[in-house]
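Descriptive analysis of the structure
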Protein chains: 2
Amino acid sequence: MLLAAITTVFLAAEKQWMMLDWKPKRPDMLIDPFGIGKIVQDGLVFRQNFSIRSYEIGADQTASIETVMNHLQETALNHVGSAGLLVDGFGSTPEMCKKNLIWVVTRMQVVVDRYPTWGNVVQVDTWVSASGKNCMRRDWLVRDSKTGEVLTRASSIWVMMNKVTRRLSKMPEEVRGEIEPYFMNSEPVIAEDSRKLVKLNGSSAEFVRKGLTPRWSDLDVNQHVNNVKYIGWILESAPLPILETHELSSMTLEYRRECGRDSVLQSLTAVSENGTDEIECQHLLRLEDGSEVMRGRTQWRPKNAKISGNVGQIPADTA
Amino acid sequence: MLLAAITTVFLAAEKQWMMLDWKPKRPDMLIDPFGIGKIVQDGLVFRQNFSIRSYEIGADQTASIETVMNHLQETALNHVGSAGLLVDGFGSTPEMCKKNLIWVVTRMQVVVDRYPTWGNVVQVDTWVSASGKNCMRRDWLVRDSKTGEVLTRASSIWVMMNKVTRRLSKMPEEVRGEIEPYFMNSEPVIAEDSRKLVKLNGSSAEFVRKGLTPRWSDLDVNQHVNNVKYIGWILESAPLPILETHELSSMTLEYRRECGRDSVLQSLTAVSENGTDEIECQHLLRLEDGSEVMRGRTQWRPKNAKISGNVGQIPADTA
């Protein structure tokens, strides 16, 4: 079911397993060629600092959620690039190449304790782990580089897709053999949000924006809409009073379908308040014919609220 | 006429003259507090390097024009921040504050000889100069930091606006006295495009996109649409075959009106070909009531075309 339903393509996915060719015995190979990141912890964690730029902050003067997600994408790709192997933009492992397989992201969970502001420097760590029989997990931990304060935790699940049939695939044994040595043995950096994501429809969603189309600059090198852009569309149907008074504290996204230049989307949102200051929203992005593109759930806290982050969930070995 | 028509607000404009308080006699004050740029050439030029990130490249695998413009904005703001005076987001000179004046951008000219790709490092220089009785000019020169090759040149014109009445203002003598010492004495980095920008209308424009609205993430800290976002809207009405086969080589923009969260825009484009491979487009952004937001002209060259840039126009003292 899951395997049949998900056809999202994400550029990073198709590249990230080039890191399989890491040469942990040759430290000179581990230096990021762009001078903007490095491998730490026995070659299994990639670390990069980002200075927040003026155009990465929004109306609140803090980094936008898209900026946070961009930094996650950048480190995932540089994690691969740091091995000096970013030659083929669609790089899979040798066994994956033989079988026409690429990686696609299916699920993303993000918890933001605090958004950095212009001029802040954040330190992003990323690593990958096993996840069930057919999946891979990629985690991120974002800290204030000055204080070490945890700002963001994110966890994502990836599966394999046949790039010709666009159908999901089990992970072949040969591929597992290739990639297993590179997995960190660690718990997810966020406890899994196991609540089912609701499927909204026209009557259950109070807020609907129709006719959303990609801009030319939303497309990535695959001529697909980059997965980070989906978040902007989700927010398109979130009511303005929430955006003005609250900030996104966490989200769970399920990617189900890719979008291209000509896609026309509808963004649906339902809001539920639980009597506290926190607000929860359910989201659906769908094509005009009703096909689901993404389901999501977001939590919002009042701006300037004090954070009671659950830092106990962070594996000590990633600090 | 010009003074009455132009009411565009640009965040950078309101901040950039804080650099008036530079203390060139105290070199410790000249270091950029974010560690991402520095003052060179006797305190009159600000220089910053940017590593192009994966999310700053588009379908062509090169930096998008928005990325180029973002880097220009960032250096203009850091030019100010480098003086350590970025306290008031609306910083004007003391005399401007007294008179409720802010800076607004009215004209922007950009020539792109080559777009950098992911991992390239670009070096951006920016400085300001006098421009007529009531204006200020800000120029930028972007180079490949490795080879010194000139990638982009840009020149912009700024005037003063009363932030209460939203009307343009002459430059008071007291303000001129404050800012004049900080002007570079140099020719514009691009020869002025003196051809009048055509005012398109429904019948002269072959391509029209209606109903364009700002996304939440398009707003800057002033709750206005950031001027860089206007370029995305211009491209919305440019025909896809041009975007697919050509790249933007130069543009001239005239900003005439600010946009807010609720603005609904129309983007108009007219294409003229002159028998060569180069294409020229005329553009208009307008509100639904017809009010002009921006006029523009863009030139496009075939992708992968050889560049014959006119580097002779670059003042030697900025190299």
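Right, let's walk through the structure included here. Note on numbering: residues in each chain are counted from 1, in written sequence order. Chain A is the first chain written and ligand 1 is the first ligand written, with later ones labelled in order. Predicted model: local features are reported for residues with pLDDT of at least 70 only, side-chain atom pairs are reported and counted for 80 or more only, and whole-chain, interface and lining totals are derived from all residues. For side-chain calculations, the full set of non-hydrogen atoms in the structure is used, while hydrogens and water are omitted.

A tally of regular secondary structure across chain A gives seven helices and twelve strands. Buried positions account for 64% of the 319 residues belonging to chain A. Contacts in chain A between residues at least 24 apart in sequence constitute 73% of all its contacts with a sequence separation of at least 6. Surface summary for chain A: the accessible area is close to 12600 Å², and the carbon and sulfur share equals 51%. Secondary structure elements follow DSSP: runs of H or I of four or more residues count as helices, runs of E of two or more count as strands, with numbering from the N terminus. For every residue, the accessible area (1.4 Å probe, protein chains only) is compared with the maximum for its type, and the residue is labelled buried under 20%, exposed over 50%, or partly exposed between those bounds. We call two residues in contact whenever any of their non-hydrogen atoms come within 4.5 Å of each other. Areas reported as accessible are Shrake-Rupley estimates using a 1.4 Å probe. Residue values count occlusion only from the protein chains shown.

This brings us to the interface of chain A and chain B. At the interface, 40 residues of chain A touch 40 residues of chain B. Each of two parts loses accessible area, computed with a 1.4 Å probe, when they are put together; buried area is these two losses added. Counting the surface lost from both chain A and chain B, the interface buries some 3800 Å², and carbon and sulfur atoms represent 54% of this. The three residues of chain A that bury the most area against chain B are A:W118, A:R215 and A:W216, which together make up 21% of that side's buried surface. Throughout this description, the term salt bridge denotes a Lys or Arg side-chain nitrogen within 4 Å of a carboxyl oxygen of Asp or Glu. For the pair chain A and chain B, the interface holds four salt bridges. Here a polar contact means two N or O atoms within 3.5 Å. Within protein one must be a hydrogen donor candidate and the other an acceptor candidate, and residues neighboring in sequence count only if both atoms are side-chain atoms. At the boundary of chain A with chain B, the tally comes to 16 residue pairs in polar contact (both at pLDDT 80 or more). Sorting the residues of the side of chain A that touches chain B by element identifies β2 (45-51), α3 (65-81), α6 (229-236) and α7 (240-245) of chain A as the ones contributing at least two each. At seven residues, α3(A) tops the list of elements feeding residues into the side of chain A that touches chain B. Split into classes, the residues belonging to the side of chain A that touches chain B amount to 16 nonpolar, twelve polar and twelve charged. Ten residues, namely Ala, Val, Leu, Ile, Met, Phe, Trp, Tyr, Cys and Pro, are considered nonpolar, four, namely Asp, Glu, Lys and Arg, are considered charged, and the remaining ones, Gly among them, are considered polar.

Attention shifts here to the nonpolar core. We define a nonpolar core as any set of buried Ala, Val, Leu, Ile, Met, Phe, Trp, Tyr and Cys residues linked to one another through side-chain atoms lying within 4.5 Å. Core analysis: the largest hydrophobic core is formed by 121 residues, its most contacted members being A:I65, A:M69, A:Y230, B:I65, B:M69 and B:Y230. Setting aside residues no more than four positions away along its own chain, B:I65 makes contact with B:V112, B:Y115, B:I231, B:L235, B:L248 and B:M251.

Right, let's talk about the environment of A:D139 for a bit. Residues and elements named next belong to chain A. Its place among the elements puts D139 in strand β5 (residues 135-144). Taking the C-alpha atoms as reference, D139 lies 9.5 Å from E187; in sequence the two are 48 residues apart. What D139 contacts, discounting residues up to four positions off in sequence, is D125, T126, W127, A154, S155, S156, E187, P188 and V189. At 3.0 Å, the side chain of D139 forms a polar contact with the side chain of R137.

Least-squares fitting of one copy onto the other uses the C-alpha atoms of those residues that reach a pLDDT of at least 70 in both copies. Superposition of chain A onto chain B requires a rotation of 180° combined with a translation of 0.0 Å along the rotation axis, giving an RMSD of 0.0 Å. Each copy turns onto its partner about a two-fold axis. When the interface residues of chain A are mapped onto chain B, 100% of them again lie at the interface, so the same face is used by both copies.

This paragraph deals with unusual backbone geometry. Its identity is not glycine, yet A:N100 carries a phi of approximately 60°, on the positive side. Non-glycine residue B:R166 carries a positive phi angle of around 60°. With respect to the helices and strands, the residue B:R166 is situated in the loop between β6 (150-162) and β7 (168-169).

Moving on, we get to the packing of aromatic side chains. Ring pairs are drawn from Phe, Tyr and Trp, using the six-membered ring of Trp, whenever the two centres fall within 6.5 Å, and their geometry is named by plane angle: stacked under 30 degrees, edge-to-face over 60, tilted for the rest. The final tally for this structure, using the stated rule, is four aromatic pairs over all chains. Where B:Y230 meets B:W233, the ring centres are 5.9 Å apart and the plane angle is 35°; that geometry is what we call tilted. Highlighted residues: B:Y230 and B:W233, both in helix α6 (residues 229-236), separated by three residues, approximately one helical turn. For B:W233, a relative accessible area of 1% translates into the label buried. Three or more aromatic residues link up through ring pairs in this structure, and these residues are A:Y230, A:W233 and A:Y255.

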